[in-house]
Amino acid sequence: MKNHWICLFIVFGLLHASCQQPKEEKEFDPWDGLQSVLDQIVAPEFEDREFLIGDFGAKEGGEFLNTEAIKNAIKACHEAGGGKVIVPKGTYLTGAVHLLSNVNLHLEEGATLLFSDNPEDYLPLVHSRWEGMELMNYSPFIYANGQENIGLTGKGVLDGNSSIENWWYWCGARHYGWEEGKGTQTPARKLLHQMVADRVPLDERIFGEGHFLRPQFVQFYECKNILIQDITLLNSPMWNIHPILSENITVERVRVETLGPNNDGCNPEACKNVLIKDCYFDTGDDCIAIKSGRNEDGRDPGVASENIVIEGCTMKEGHGGVVIGSEISGGAKNIFAQNLVMSSPNLDRVLRIKTSSKRGGTVENVYMRNVKVGTYKEAAVRFNMFYEEEGDHIPTIKNIYVDNLEVEDGGKYAVMINAYESSPVENFVMTNTTINGVDQHFKTNHFKDVTFKNVKINGETSEGLVKTEEE
């Protein structure tokens with residue numbers, strides 16, 4: 001019995017000792033959360049039914065307006081329970097195309113949808129967002145509202161047919177074709193800003209004819225389960241791919257080539273669970289810009305863009321490669337960008353976060369790694385809290401990680417930070433990075449907990465390079 005108690009004491013002692021051993025803490029790896037995000041993004045599948053637009057009266061050649069024929073094919077596919085609406089080889093002129101649930105609009109190789117340059121072909125007005133603000137406006141060229149399981153696929157071409165002769169000059173810039181006597185978006189844009197500030201109801205925000213607010217190319221509003229795959233987009237009037245308040249989106253092997261005004265490549269706005277993979281962007285504005293609404297129209301719903309994965313993409317022209325903002329009032333979080341290639345003397349920035357105290361919002365948990373850059377114009381990484389107007393909503397930017405960024409020939413700066421003293425950029429970590437050819441290492445003001453590890457800029461190690469004031 002005595003030996004029994006001795007054995008018990010020994011066992012309890014060993015257990016107690018093991019409990020007292022300090023546990024080795026695992027070093028934080030922001031990429032641990034990537035797979036769980038990817039697991040939530042599942043591309044929709046479609047029924048094995050085909051509906052050829054020619055069977056509904058469509059005619060190729062680029063002169064006959066096929067809007068009604070395409071509409072009828074989509075309706076028949078939807079009512080049959082879904083499938084593919086086929087655009088065969090050839091050029092088909094059309095106005096607005098509205099997708100319905102369970103329909104995959106599929107362009108075969110050699111097929112082109114050529115969009116009309118007549119604004120009347122994008123009526124009636126639809127519920128849209130324009131630069132993050134709610135309104136009734138011309139229909140986007142391809143549009144869906146409140147639909148599920150929708151696709152835009154195939155190796156064909158969507159040609160927006162936009163140029164300085166039609167949609168582009170509406171921006172009001174002379175180098176895009178505007179001249180005295182032509183319409184411009186400026187008065188309508190100002191009016192819409194005021195309506196947002198005054199909380200004017202949506203049914204009173206009527207734009208369209210005479211207002212010159214360009215429609216977007218592809219816009220899906222409050223939709224679920226979206227697949228955009230293999231398509232080429234050319235000559236957009238404005239933003240190219242623009243899902244809003246939508247969920248479970250795959251944009252894969254898409255090619256965007258359009259250098260017009262505000263021709264952003266892919267702009268998920270207040271969206272959740274988005275994969276942008278193996279795409280090519282040669283754009284007149286940001287290649288990818290993550291958004292969540294402007295001012296009151298972003299803050300009131302308060303819907304962030306979250307769980308966005310960007311991988312395997314190539315960026316050429318553009319104001320920025322991966323951009324968050326500027327319409328970011330609802331915030332953004334959990335952004336993963338990896339295995340990217342960028343290079344152009346006209347590419348301004350690699351990673352850019354832009355907002356203002358009129359817009360506010362919190363941008364957090366942004367992770368970028370394995371990016372190869374030939375050249376850029378301004379900064380590899382730029383944080384800006386003073387983009388356009390100031391107001392009473394101080395933004396927050398925190399938890400930004402950049403790893404394995406390689407730049408052969410940089411522009412003016414490696415890193416730029418312009419933040420509020422009361423809201424510094426917080427927890428910015430850069431590791432395993434080489435940036436060559438910059439004119440100046442940093443231009444910064446307010447930041448907190450910035451860490452550089454194994455970083456070389458113009459051949460110098462990172463120690464002692466970061467400044468707490470503008471250089």
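Heads up: the structure comes first, above all this text.
Residues numbered from 1 in each chain as written. Predicted model: local features only at pLDDT ≥ 70, side-chain atom pairs only at ≥ 80, totals over all residues. Heavy atoms only, no water.

Here's the deal with the packing of aromatic side chains
Now for step 1: Tallying each qualifying case throughout the model produces 20 aromatic pairs.
Now for step 2: Relative to tryptophan 167, the ring of tyrosine 138 lies with its centre 6.4 Å away and its plane at 80°, an arrangement referred to as edge-to-face. Of this pair, tyrosine 138 sits in the loop between strand S8 (133–137) and strand S9 (142–145) while tryptophan 167 sits in the loop between strand S11 (157–159) and helix H4 (186–197), and the two are 29 residues apart along the sequence.
Now for step 3: Judged by relative accessible area, tyrosine 138 falls into the buried class, the value being 4%.
Now for step 4: Residue class for tryptophan 167 comes out buried when judged on its relative accessible area of 0%.
Now for step 5: For the pair phenylalanine 141 and phenylalanine 217, a centre-to-centre distance of 5.6 Å together with 75° between the ring planes defines the contact as edge-to-face. You can see phenylalanine 141 sitting in the loop between S8 and S9 and its partner phenylalanine 217 sitting in the loop between H4 and strand S12 (218–221), a full 76 residues away along the chain.
Now for step 6: Aromatic rings pair up to connect Phe115, Tyr122, Tyr138, Phe141, Trp167, Trp170, Phe212 and Phe217 into one cluster.
Now for step 7: Directly above the aromatic system of tryptophan 31 lies the positively charged group of arginine 369, at a separation of 3.9 Å from the ring centroid. (Phe/Tyr/Trp six-rings, centres within 6.5 Å; stacked < 30°, edge-to-face > 60°. Helix = DSSP H or I, 4+ residues; strand = E, 2+ residues; numbered from the N terminus. Buried < 20%, exposed > 50% of the residue type's maximum accessible area, 1.4 Å probe, protein only. Lys NZ or Arg CZ within 6 Å of the ring centre and 35° of its normal.)

Description of the sheet that holds S9
Now for step 1: Strand order in the open sheet formed by 4 strands is S4-S9-S12-S15, and the pairing between neighbours is parallel. If you trace the sheet from one side to the other, it starts and ends with strand S4 (97–98) and strand S15 (241–244), each paired once.
Now for step 2: Pairing between S12 and S15: 4 bridges, direction parallel. Bridge pairing in S15 links glutamine 219 to histidine 242. (Pairing = 2+ DSSP bridges.)

Structural notes on the sheet that holds strand S20 (residues 288–290)
Now for step 1: Read from one edge of the open sheet, 6 strands run S20-S23-S25-S27-S29-S31, paired in parallel fashion. Sheet topology places S20 and strand S31 (440–444) at the edges, where each strand pairs with a single neighbour. For this sheet, the mean inter-axis angle between neighbouring strands, taken without regard to orientation, is 5°.
Now for step 2: In this structure, strand S23 (residues 320–324) lies alongside strand S25 (residues 349–354), joined through 4 bridges in parallel fashion. Across the sheet, the residue bridging to valine 323 is arginine 352, located in S25. (Axes fitted to C-alpha atoms, helices over the stretch in contact; angles between N-to-C directions.)

Observations concerning the pairing of strand S27 (residues 379–384)
Now for step 1: In terms of burial, S27 is a largely internal element, 6 of the 6 residues being buried.
Now for step 2: Relative to S27, S25 is paired through 5 bridges, and the arrangement is parallel. When the bridges of S27 are listed, lysine 354 appears paired with asparagine 384.

A few points about helix H3 (residues 67–79)
Now for step 1: Helix length check: H3 (13 residues) gives 18 Å between terminal C-alpha atoms against 18 Å at 1.5 Å per residue, within 8%.
Now for step 2: Within H3 the residues assigned to the buried category are Ala69, Ile70, Ala73, Ile74 and Cys77. Projected down its long axis, H3 carries its buried residues within an arc of 135°, all on one side. Seen from the buried face of H3, the exposed residues on the opposite side, beyond 90 degrees, are Lys71 and Glu79.
Now for step 3: Against the buried residues of H3 lie strand S1 (50–52), strand S2 (83–87), strand S3 (90–94), S4, strand S5 (103–107) and strand S6 (111–115). (Expected span 1.5 Å × (residues − 1). Arc of directions from axis to C-beta. Contact = heavy atoms within 4.5 Å.)

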